[in-house]
Each structure stands twice: as C-alpha cells, then as structure tokens.
Amino acid sequence: MADRGSSSVDTLVLARASAMVLMVANHSRLSQALIDLPALYGGLNAMLVVSGISMATHAFQQDTRSTLNAFLRFGLRLAIPALAVALVWDTIILILGARDITPFRYFAELTLFSNWLSTHKLALFPIWYVQAVVQLLAGLALLFLMTDLTARIRAAPMRTCGFLLLGSVAVALLSYSFWDTSRLEDRLPHLLLWNLVLGWFIWAVQRNLGWTVRSRLLLTATLLACAALLYLPTGASYGLSRAVWMPLIVLPVIWWKRVPLPRPLVHAVHLLAQAVFAIFLTHFYVFGLVEEPLLQLGIDQPVMIAGLKLVAGLIVPVLLWAAGTAFIRVWRHRRISRPVRPGP
Amino acid sequence: MNRHGDPGRIRLFRTWNEADRAICIVSAQGEEYSRARISALGKAVAGLAGHAPALIFIEGRNTPAFIAAYVAAMRVGLAVHVLDPARPADNADLEAGFRPLAVVATSGDVPQVRVTGLPPARVHPDLALLLPTSGTTGSSKMARISARAIAANTSSIIEYLGLTAHDTAITTLKPFYSFGLSVLNTHLEACGRIVLNDDGFESADFWERAERSGVTNFAGVPHGFELLATMTPRLQKLTSLRFLAQAGGRLSPGLVLRFAQVGERQHWHFFAMYGQTEASPRISYLPPHLAAQFPDSIGQPIPGGRLWIADRDGKPVDEPGIEGELHYAGPNVMSGYAHTASDLAAMEDMRTLATGDLAYRLDNGLFVMTGRQSRFVKPFGLRVSLDEIETLLADEGISAAATALGERVAILAVLRDAGKAPESVRQALGRRLRLPAGLFEVHATDALPLLPSEKIDRRAVAAMIAAATADGPGIAASERGFWHEVWQEFVAILTGRSSTATCVLDIFLEQFGEHVRQQDDSFLALGGDSMAAVTVAIRLEELLGQLPEDWPAMSVAQLERLRENQLG
C-alpha cells in the first residue's frame, strides 16, 4: 500500500495540494500579517495549470465529441456543488440583507458572470474561479466544435498545443495592453486561458518528446517566460506573487515524476490533494467560525490568527471531505452488498 | 444369469459362486459372511426372478441383508433402485410413481420382501439400476443404468484401482449413493472383502474396525477428506492400507496434494476421481503418481472411456488449454432418464454424455475442471465460479457452500475458528478473487447441510441462506451498523488505512458506482475526469504502488494484472 509504505509522492498530486495550501494561506491573510503585503497569490493559477495537464490526459484521447464531454463533466463537477453552496448562502444573505447584497448581485453571481463586474462576492468561497473556468470551458467548447481541434491535437500534440499557448498568451497580452482589468484582479477567462493551455502544452511536450532534459528545459523556459511576460507587467502586487508562486508549484511537475517526502507528509499531501474542492468551497466559512472565538479568547495577534485560520481552513475541510467520502464509500459498498433474496 | 433375456448378457456378479466359502462381507459387529451365506440370505429376493424384468426397491443399508438382497436382485436380472430408509415419505412417493414389484426391507438379519401389489410397470430387460440424479433420493429424476453400463464401469474401476481378491474396503458411504454402491460393486465383483460400517472418520470405532479388519482401502467424498486431513497420522496405523479413493465432488488441489504427499510417505496411493451418476458413475481418475504434480486435475478417462472438450457449438476442441464443456463417451453412459414408471420400458442408446462441467485439457492429456456451467455468477462481466470459491475456502481450512444471489455470492461457511469471522472471509475472498468484498455475503454455520451421500445439500444451503437473509441482511450489511462503518472508514481515510478497497474494482466502484459494469471498463471509458483522477490515482497507488502513465486508459482487469505482477 503505497500510502502506508511509500515515501514519495506524485508531483502532480503535490502541486494540487500545494496550490490549495497557498490559496488558503493567501485568504487567511498570513502574508499581510507577516510582511504587510499580499504575497501569496498564485495558488489557483497553479491549480489551473495542473488541471490543464490532467485534463489533456483525459480529454484528448478520442475525438472532439469526447473532448466536449470531458469539458462538460469538468464544468459540471465544478459548477454544481459550487452553485449549490452559493445558492443556499446567497439566499440567506438576500433574506438577511447582508454583505451589500442587491438582487442584481445575487443574480449575477448565481448566473456565473459577476467576475466581469467586480471582485465583490457574496458566496464565501472564490466563486470567481468557478465562473471564469465555466466561461473558459464554454468558449473552448465552441472553439473545439468549430475547428475539430481534438483531431489536430491528436495528430500533432506539441505543435497544436504550442500554437494554442501562443494564441492564449497573445490574447492575454492584448487584453492587458488595451484593457486595465486590475480592478477585477484579472479574474477573467481570457486572462486565465493560458494557464490551462500551458498545462496542455506540458502534456503535449511530454507526449512528443518524453521527459528529457531538453523537454524539461523547454517547458521550464516556457513557464518562466509566460509568468514573467503575463504577470509582472500588471504592476499589481498579485502579479509579482503569481509570477513567483505559480512556477514554484508547477516546476516540480516538469522536473520530477515523484519527489521523496517523509511518509506522514505523503499521507497529508494525499489528503489535501483529494480534498481540494472541499477546501476550496468551505475554508472561508471555517475562517468565520474560527476568527470570532479567537478574538473573544483574547487572541488578537494577526500572525496567530492568520496561522490558526490557515490550519483550521485546511483541517476542517479535510475532515468534512473524509466524512463525505467515507459516507459515499460505505453507501456504495452497501449498494453492492445489499441483500438479494434467493428465488424459490 | 438372466433367465428371460440373453444368457450371455454382461451383468454384475455373473461369476458369483453360490458355493464359495470365502469371506466377502464383515458386518459392523465383526461377523463374517461368505458368498454362500450371502446367497442364502438373498433367496427371497432371488425368488422374484420369475417376474423379471421388473423393478424392485431395496432399502440401502450397510448391512449383510442389503448386500444379499442387492446381489440377488442383480444376479437374477431385476432392476434395482436403492432407497434411503430415512426418507419414508419420499420413498412412498417414489413407490407410487415407479410402481416397483416389491420393496425389500434390510434392517433385519434377513431381507424382507414386501410385494407392493401395484400394477407392475413395464421394465426394459437391460435396465439394472435407477440412480437418483439430484443427490436427494426423494427426487423422481432417475438415471437409467443398463446392466452393461454398470458392469462396464465396475470393470473399469477394478482395472485402474488394481482391485483383487486380496482387497478389503470399509464402507464410508451409504449404498443409496452411487459412489457408495460403486464401492460395493467393485469389491464384490473383484472377489474382495467389504467391512460394513456406518461410523464416520471422527469415530474411534471406525478406526478400530478398519485396523482390526486389515482394510486395504476406503473411499470418501470431499467433505470426508477435509475431516480426514486433520487426522492423517491415524492412517499410519492402517498398515495394510493400499489406497484411498476420493470422488463425489471436487477436492481442493491443496488437499489432493496433501493426501498425495502423505500417501507417498505412508506407502499408499491416493486416487482422486471424477464422475457423474449418468456415467454409472465413474468417468475419470487421476493416476496417483501424477496427483502431486497435477492436483487440480480430474485426471484421465477410465479404461474404455473417452473424454474431450467441446466448444459452444458442441464441436470438439483439439487444442489444450481451451475451456469448454467436458464430454464423455463410454459403455457406462446411462440410457436416459426416468421420471415415472412409464419411462422404464425404454432404454436410449446414448453413446456420449455432455457433463455440464467446464474443463480444459492439458498437454499431457489430463483434464482440469474449472466449474459447473450452471455454477457461475457474472458480476461486472467476470465469470466467478462458485466451485472455485468453495475450493479457495477449503484451502483455507473452511468448509463452505456457495450459492448465487443474482450477481452476488452467498456463502454458508463453517467458522469454528474464532479468528475467522465472516467479515474476514469476505475480505479474504475479495482479495483472492480481486472482486469487491461486498459481492460476498457470508453466513456462519456450525455445519453444512449434507445429503445422505455426504455431498452438500444445495437446496438446504439455499434455504438456510434465505432464512438468514430473511432474519436480517447478511453479514455484508448487518454485522456493523451503517454509521459505525462510516466512522470506521472516516478514521481509516484519515490514517491512511482505508480498508474498503480490496481490489481495483472496488476503487472504480467507489468512484463510479454502478456505472461500472465489466472488468473491461477503464477510467477513461467510464468518463473519468481530471478531478476524479487524483482520487482514483491515489487510491490505486495505495493498492498497486506506482502507477503507469497510461493508467487512465487501462481496464480494471489490466490494472488487476499489474497488481498481480507486482505481488508476484
């Protein structure tokens, strides 16, 4: 049993876990408490690159139709739970009239386009990510449908994905050149597209060239160049942070298949990587539950509060995920095991 | 000799010498009976010869009276059905259905003939035996065995066992069971001796009797040999033992090997044999010198017989290693079935027998049985042999009977060892068969229901399982409460000791539920996406170690093979 016996972890799994830890750390305002700067952006960008690698592995195996199905499944898996949580929460907010809610904001958030309007959110999780990814997938679905792109990718993965990466970088650069979206913190699909396509490109290079020093150097250069070209010029603090953290999380995927870690850490990474969506959806709610009691206990040092929020924001969702997973596993086993009465 | 038919007709005991003073039977009390004395005892039955061809019923007991009645009936050309005396109600039904000329009671010192007075059924002159096919004597479906068939089968068995007048068998089976009757036929025909006994292997009386009588052989069914396996040192005391013979179902290869090895050490042979009632009953035997090398084999056809594998269309398969239905041809094949008295007048000319058993042939001509055609379940498109499950458990020292419940398997297991809980049996089966443990429903019992033949009583097993299921869900669902199970799994997930997955299929079921329909399904084919991939990959890693790059496209079966290779 690898988890029990192995002391190494798949770098893709590690990248997912790291990206999520970074996101929670960012939202806990740990860096602000430590250095008075928002320096932990980039987790969700890294997550998108990693998702791009996984998606390419699964979505480009057959034809465009199967790719569209893969997009649909990915989008639904992301959107349905997120919308369910948001619907309940936003409705409560609407009834209570809290968080500067207006009917339009309520409508815009739940119809998944509020990321184009402002960074203000009602739901207590980064719903902008769900919105941007769903919009991204919708646009990509249209592109694949019109150009039968899967067949091209299958015929020439590296070349096609290379062109797609160039195109997505160009779209982002053009956008940055002509449209200041900093007030939206660049949470827009066309600015995130290159993250996803970079993941495809990593998959394609590996598929064409294998994991050689040459291919790794090529990918490293591409990754660093994209990050530098697209994050640094924004001037915003999140730009620099993303330019640092996103490559840091993704580079191990390029250079190593697995990395050695102490066994307890391997298990922790596995738990975090599996629970990413639960963490994504619930960590802000946990923050809310943790912060007030801490203040009432007289713990008011920002670093302490941020640190405890980070820990709780990871542990509680992992526990929730484990409970839900345990329930589903046992339930499914029960369904398989349900007694069948023998015939006469 | 048949007074009404062809005097040259081949039949059992045609060389029987009524004046022979040599001992052929030793009663359970140690009293010795010569052929002359047995012949004298059977005179009342022989007196029915004038009615031949006719059918008579004889109560099957391991008594001199039964032997006398049976030998007499066979010698004068009466057709015989041996009754289980413990089933009077069934026997009454059979009597009404087949209208025998007479019923012979054998509980006393002398056979007591009761003429039924029923309108006699017309009986074909070649009919010698009616053997029940289901293992329950209450069944009215009988195999019609001709005199030639039973004589041929007896002769073949004598030949490959090397039986002579110097052999002494001790009865371990009831005579209303075809295997038990076969032991009597062969020893009587070979002019050997039979020690009559009703005690089982667990009885000290059995061993004392066997030792005192100088038995050279005895026979048993798998259930008996499972018991015998725990007392092999006692065999050492049987200094004249020449061989043990096993039939009546498949003995696990592990036990075949064990008995072959013990036999080699103690200087006796072990014959694993295969047969069917429809073949009078012996079909094949595993030569003792090959038992240790091919313990899973049913061996080669008996002398005069022929075995082959047939494909689905019934065409012979020449290549070794190809599974198909086992077919047999030989002079011992029955002459069709009889359900009522009206079926007794005809004898079909059956040359071959489709056994209904699945097997394949080895390069060396031996056959290996893989299961019964009707004894399979197919969860997820994978055929699982109920016989294999029983064999696996027998190898673990667990006597068990498996039966199908839809696509699941219900198991009645004798779990005397406190360490072997039903749950652990489920888990072990899941691991060994690479199937979700949830497919197995295990019910513990003190003993398996057995037929008089000591074969497992499948109908009783089904009834016991139905009763257990009606009382509450099987062990799969009832032993632990749902929330307790959830809590255990929750803790297991957090500690990295999740135990729900015993195989690759379990992980796929966890992820995709009942969308998984067969072992050819892959992660991709099931519509797995990048979000699910992480969980599945981690779970597979837990089970298999490191995964190949293309694991999403690999089928459940391929991933299982990977696991096997890594284990191996």
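Thresholds applied
Residues numbered from 1 in each chain as written. Chains lettered and ligands numbered in written order. Predicted model: local features only at pLDDT ≥ 70, side-chain atom pairs only at ≥ 80, totals over all residues. Heavy atoms only, no water. Helix = DSSP H or I, 4+ residues; strand = E, 2+ residues; numbered from the N terminus. Contact = heavy atoms within 4.5 Å. Areas by Shrake-Rupley, 256 points an atom, 1.4 Å probe, with all protein chains shown as cover. Pairing = 2+ DSSP bridges. Axes fitted to C-alpha atoms, helices over the stretch in contact; angles between N-to-C directions. Phe/Tyr/Trp six-rings, centres within 6.5 Å; stacked < 30°, edge-to-face > 60°. Buried < 20%, exposed > 50% of the residue type's maximum accessible area, 1.4 Å probe, protein only. Polar contact = N/O pair within 3.5 Å; in protein donor to acceptor, adjacent residues only side chain to side chain. Expected span 1.5 Å × (residues − 1). Parallel < 35°, antiparallel > 145°, perpendicular 65-115°, else oblique. Left-handed = near helix turned anticlockwise from the far one by under 90°. Salt bridge = Lys/Arg side-chain N within 4 Å of Asp/Glu carboxyl O.

Trainee: Would you take a moment to explain the overall build of chain B for this structure?
Mentor: Scanning chain B for helices and strands turns up 19 helices and 26 strands. A separation threshold of at least 6 residues defines the contact pool for chain B, and within that pool the share at least 24 residues apart is 65%. Of the roughly 22,100 Å² of accessible surface on chain B, 50% is carried by carbon and sulfur atoms.

Trainee: Is there a simple way to think about the sheet that holds strand β24 (residues 400–405) of chain B in this case?
Mentor: Picture the strands of a sheet paired through backbone hydrogen bonds; they go either parallel or antiparallel. All names here are of chain B. Read from one edge to the other, the open sheet built from three strands follows the order β24-β25-β26, with strand pairing classed as mixed. Here the strands that pair on one side only, and so sit at the sheet edges, are β24 and β26 (440–445). Averaged over all adjacent pairs, the angle separating strand axes in this sheet is 20°, with direction ignored. Both strand β25 (residues 408–414) and β26 contribute to a ladder of six bridges, which runs parallel. Within β26, the position partnered with V409 by the bridge is F440. Against the sheet, helix α12 (residues 386–395) makes contact with β24, β25 and β26, and its axis sits at roughly 150° relative to β24, the strand it touches most. Sheet strands touched by helix α13 (residues 422–433): β25 and β26. Its angle to β26, the strand with the most contacts, is close to 140°.

Trainee: I keep staring at the packing of aromatic side chains and nothing clicks. Help me out?
Mentor: The description of an aromatic ring pair rests on the distance of the ring centres and on the angle between the ring planes. Residue and element names in this part refer to chain B. Counting across every chain of the model gives 37 aromatic pairs over all chains. For the pair Y160 and Y285, a centre-to-centre distance of 3.9 Å together with 5° between the ring planes defines the contact as stacked. Here Y160, found in helix α5 (residues 147–161), pairs with Y285, found in strand β14 (residues 282–286); they are 125 residues apart in sequence, far enough to count as distant. With relative accessibility at 9%, the residue Y160 sits in the buried group. Relative to Y285, the ring of F271 lies with its centre 6.4 Å away and its plane at 40°, an arrangement referred to as tilted. Remark: Y285 occurs in strand β14 and F271 occurs in strand β13 (residues 269–275); sequence separation between them is 14 residues. By relative accessible area, which is 11% here, Y285 ends up buried.

Trainee: Sorry, what's going on with the environment of H443 of chain B here?
Mentor: Residues and elements named next belong to chain B. Mapped onto the fold, H443 is located in strand β26. On the accessibility criterion, H443 (8% relative accessible area) is buried. Among the polar contacts listed, one links the side chain of H443 to the side chain of E441, at a separation of 2.7 Å.

Trainee: Is there a simple way to explain helix α18 (residues 530–544) of chain B in this structure?
Mentor: Residues that lie three or four places apart on an α-helix share one face, since the helix turns once every 3.6 residues. All names here are of chain B. The first and last C-alpha atoms of α18 sit 20 Å apart over 15 residues, in line with the 21 Å expected at 1.5 Å per residue. With 15 of its 15 residues buried, α18 lies for the most part within the structure. Positive phi appears at G545, one or two residues downstream of α18, with a value of about 90°.

Trainee: Would you mind going over the packing of helix α2 (residues 11–27) of chain A against helix α12 (residues 237–255) of chain A with me for this structure?
Mentor: The packing of two helices is summarised by the inter-axis angle and the distance between the axes. All names here are of chain A. Interhelical geometry of α2 versus α12 gives an angle of 165° and a closest axis separation of 8 Å. With respect to their mutual orientation, α2 and α12 come out roughly antiparallel. Note on packing geometry: the crossing formed by α2 with α12 is right-handed. Residues T11, L12, A15, S18, A19 and L22 of α2 lie in contact with α12, whose contacting residues are W245, I249, P252 and V253.

Trainee: Even after reading the chapter, I still don't get the pattern of salt bridges, so can you show me in this structure?
Mentor: Opposite charge on two side chains lets them pair, provided their charged atoms get close. Within the structure shown, the criterion is met by 18 salt bridges over all chains. For E489 of chain B, the salt bridge identified is with R329 of chain A, shortest N-O distance 2.9 Å. Of this pair, E489 of chain B sits in helix α16 (residues 482–495) while R329 of chain A sits in helix α15 (residues 302–337), which puts the two residues in different chains. Here the two residues E489 of chain B and R329 of chain A agree in accessibility, since each one is buried. The network of salt bridges with shared partners includes D84, R87 and D90 of chain B.

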